[in-house]
Every structure is written in C-alpha cells, then in structure tokens.
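Coordinates in review
Chain residues, written in single-letter form:
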Amino acid sequence: MNAPLDSRQQQLLKRSERQAQVVAALQAVLPAHALLWNSEDTTPYECDGLTAYRERPLVVALPETYDQVQAVLKTCHALEVPVVARGAGTGLSGGAMPHKLGVTLSLAKFNKILKMDAASRTAVVQGGVRNLAISEAAAPLGLYYAPDPSSQIACTIGGNVAENSGGVHCLKYGLTLHNVLKVRGFTIEGEAVEFGSDALDCAGYDLLSVVIGSEGMLAVTTEVTVKLVPRPVLARCIMASFDDLRKAGDAVAAVIAAGIIPAGLEMMDKPMTAAVEDFVHAGYDLTAEAILLCESDGTPEEVEEEIGRMSAVLRNHGATAIAVSQNEAERLRFWSGRKNAFPASGRISPDYMCMDSTIPRKRLADILLAIQQMEIKYGLRCANVFHAGDGNLHPLILFDANDADQLHRCELFGADILETSVAMGGTVTGEHGVGVEKLNSMCVQFSAAENEQMFGVKRAFDPLGLLNPGKVIPTLQRCAEYGKMLVRGGKISHPDLPRF
C-alpha cells in the first residue's frame, strides 16, 4: 500500500499536472522552439535585476508574432493562468519575477524598429527594442531618444513603459511618460488595445498615463511610438566636489532655485565615488564627501552661459573644487563613473539591493545623514547615488545573500529608507517601480481606501487578476499583517504616516 503524499509532494504533483495542462494548450498556438518548461530552461527566467527573490515559472513562452502573443493570452485567460510579461529582465524591483503557477511571456523577439520619421521626430518600435538601439538608429538623422536609464544598453522600451523609467537626463527631458506618444498591445483577454495617439493629445480619458508605469498589470506592450529630440550641438559637464553632505544637498536646491534646469544633475557620496573610481578611473575627487555632476547642453553660447551660472551657484554654496569638461571624451569620462555605479558596487560586495525613492530636493542632506545612522543600526554598508535634480534616490545596500540574517537586515534597512522618504514628503518609488520589493512600503504611503481605488483600475482591465498578480498593490490583509509586525517590533518610527 502506497504511503499518503505529504503537503510538499501534493504541491509538486499539482504543479506538474497544471504544467502539463498549460504546455498542451500552448503547444497548439506556439511552435515547439517557442515554449520552455524544463527546469534547466526556465531557471534563467527566475528573477529580474532584484536577485534576492526568485521563483521558477511554470512555463516560458517566447512568441514571435503579434498573433502568437494574442493566442497565448487568450489561452491563459481561458485556463485562468497568471501571465507575467518580461522584457530584458533588468528591472530592480522584482516586477518580472515569475508566478510559480503562471506563464512568463517573453517579448525578447520583438526587437524591430518599424519606422523612423525625421519630419515628425518620432519612431515606432517593438516592445523588445533596446533603449540605446533607438538612439543609435536615430543618430544619422541628428536625433535621439532622451530617457537614458543606466541599463540603457540592455533594457527594452517595453520595460521602460512598464516602469516609467528615467535616467540621468530626465530632469530636463522628462521620464518615459513625457517621451511616448502611443502604446499598443493586448489585454489579458487577447483584445488589441491602443493608448494615446500620434498627436499630442487624444479624445477621452488619458489612459496612456495610466498604462505607462503600470508594471505590466494592465496590458502587454508590443509597440511603442516614441518622441525623438535633436542632438544638442554641444554638451559640457561640471564635476564639483564638496567637503560636506549638507552643502552638496543645498547646492542642488540652489541650482534649481536659480532658474537653471540642467540637462543632468547627479550626486554621489564618498563610498560610491571610491567604488566607481577604482572601477572606471573617471578622475573623481576621493577626498570629497559628495560629488555633483551638472551638465549643460544646447548651442555653444547657451552652454557657456549656463555653465558659468551653475559654477557660480556651486561655488557660492561651498564647492571645494570645480572641473569643467573641455571636450566630449572628458565629458563622457565624467559620466562613466555615474553610469557604472551599479556594476562598480558589484565588485565590492557579494550582493546589493538598489533602493529607489524620492524626496524633496531640500531634504537630500537629511536623508543621507539618516542613511548613515541606518548603516550603524543594521550593521550594513550603503553607497549612494542620486538623480539629485529631481530628488530620486538610489541607495545601494551592500550585503551577502548567502547569509539569511544579512538579507533580513537588508530588507529592514531598505524599508526604513522608504518609510523615512515618505515621512520627509517623498514617495516609495521614483522610477524602478514597486514590484514585489516595495509592497509593504505601499502600505505606509497609501491608505486602504487608496489601494482599493488602484485595485479598481486593475479590475477594469483585468477582472480575473491574471496579469502580473501579487505585485504593486498590497491587499488589505497584507497591510494589516505588516502593521501588526511593525507594532510587535516596536518599529513605529514615524507616527505621522498613514497606518493601515
């Protein structure tokens, strides 16, 4: 007589049976090479750039045509199977982490630039086109795509739409939202949808602004019409050193207060400059407590005037040294450190968790000093790089994921940064999205009623909750449990915040 199955064996059996059912259904709509389900084939898809959390998908679908995408979605909807859309997997909040009983829908093969229009300064591209590839294709026309995430060499435009990605030049040129005219794709039911238009506005509700930044919860993006802008005649970058974090933070606010909108305004603290200087040798001042990179672009006359004004503001607010790039090679060298902050951090720590929150510019020094105290509290190091011009923080908490206690302390450290950011008048995310990483922190920023309103939008597009489920919006039960955990742990450090 066979022994009864324990709970784990029952779960494995259930998974195996469900997998067989889904594979059989998808084999009817996809060629054999476009379907993966063996563990050795699906393991590479188990996480995105947030490597601390992993889940192996039930099945990975790699369609090659729009009809196949539509068929996959219709099949999964009929079977009530969750679907997680995936681009390049460079996201940092777990937005593309698979569902263990769901299908990961890869858009990697949709990598064609369909149209480049110099007259209208637009490009129509498929969702799997790399961010940088758009600018490379537009270069002969004297144009480029402005949003430039640090991962632009690999990240896809579909992923940028999902997360409303920014970059070092978003202060002047805007986020993805400000550089996209139209998004086309499919709902979970396989219905073709279009948001926005080729014009600057369209009739009805502004659903383009709803779908951009929705983290794959409302529709699957297949095509995007982006705006292109002329390449500036000249760009120069100031590298300014400060011997005090507060002086550097105040200088950022002062530049904006002076009516100057730099093409880029970035900040790095001393631990980060040390890490990147050892990696790329950008020529950073290793004695500085903080470094600002301030870029101006436009005509030579415009750049000269703006560089002079910014330099004066920086000196008046305590800059101990100022260097201005004299040629394009030097400008790119100044930026090379900032662009390589993440890989540089990977050289000095087994793992890191890159946080993402926003605060008012005037609180930059306050949050940095608070993070220094958190390093002591949680016993972990943190290197900081900021999109300082718009108050978007990227603290990189360094830890070893092989040590469960370090991972736990890292999670608490990250949550503390996010909660402190909200208490300072900011938000829990600036451009990386919520994904799975910031679900608990959404309970801190939004009330139960506000979260329910967001669920209402989700249900309007996806009544069964099959697209990227369990992410972005916390349930009332989750927030209640998180609130109890904070009370038990005595961690109600900001009593003025919304409470579950």
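Reading guide: rules and limits
Residues numbered from 1 in each chain as written. Predicted model: local features only at pLDDT ≥ 70, side-chain atom pairs only at ≥ 80, totals over all residues. Heavy atoms only, no water. Helix = DSSP H or I, 4+ residues; strand = E, 2+ residues; numbered from the N terminus. Axes fitted to C-alpha atoms, helices over the stretch in contact; angles between N-to-C directions. Parallel < 35°, antiparallel > 145°, perpendicular 65-115°, else oblique. Left-handed = near helix turned anticlockwise from the far one by under 90°. Contact = heavy atoms within 4.5 Å. Nonpolar A, V, L, I, M, F, W, Y, C, P; charged D, E, K, R; others polar. Buried < 20%, exposed > 50% of the residue type's maximum accessible area, 1.4 Å probe, protein only. Pairing = 2+ DSSP bridges. pLDDT = per-residue confidence, 0-100.

**Concerning unusual backbone geometry**
One non-glycine residue, N468, lies in the positive phi region at around 45°. Relative to the helices and strands, N468 is located in the loop between helix 16 (448–461) and helix 17 (476–488).

**With respect to the packing of helix 8 (residues 245–257) against helix 13 (residues 364–378)**
At a minimum axis distance of 7 Å, the contact between helix 8 and helix 13 shows a crossing angle of 150°. As far as their axial angle goes, helix 13 and helix 8 are roughly antiparallel. Two packed elements cross with a definite hand, and for helix 8 against helix 13 that hand is right-handed. Contacts from L245, R246, G249 and V252 in helix 8 reach L364, A365, D366, L368, L369 and Q372 in helix 13. Along the lines of polarity and charge, the residues of the contact of helix 8 with helix 13 split into six nonpolar, two polar and two charged.

**Overview of the pairing of strand 18 (residues 381–387)**
Of all seven residues in strand 18, six are buried, a share of seventy percent or more. Taken together, the two bridges between strand 13 (residues 264–269) and strand 18 define a ladder with antiparallel strand orientation. Of the residues in strand 18, the one forming a bridge with M267 is F386. The antiparallel pairing of strand 18 with strand 19 (residues 392–399) creates a hairpin that spans four residues between the two strands, and G391 there sits at a positive phi of about 70°.

**Concerning the environment of L393**
Assignment of secondary structure puts L393 in strand 19. Overall, L393 belongs to the buried group, its relative accessible area being 0%. Residues in contact with L393, not counting those within four places in the same chain, are M355, D356, S357, I359, L364, I367, V385, F386 and S421.

**Quick word on the confidence of the model for the protein**
Predicted coordinates in regions of low pLDDT should not be interpreted in detail. Overall, the predicted model of the protein reaches an average pLDDT of 94, with 97% of residues at or above 70. Counted against residues more than four places away or in other chains, residues 492–500, with its pLDDT under 50, gives 23 contacts.

**Some remarks on the sheet that holds strand 2 (residues 59–61)**
Here four strands make up an open sheet; going across it, the order is 1-2-4-3 and the pairing mixed. The sheet is open, and its two edges are formed by strand 1 (35–36) and strand 3 (83–86), each paired on a single side. Set on the sheet, helix 3 (residues 66–79) makes contact with strand 2, strand 3 and strand 4 (103–106); between it and strand 4 the angle comes to about 165°.

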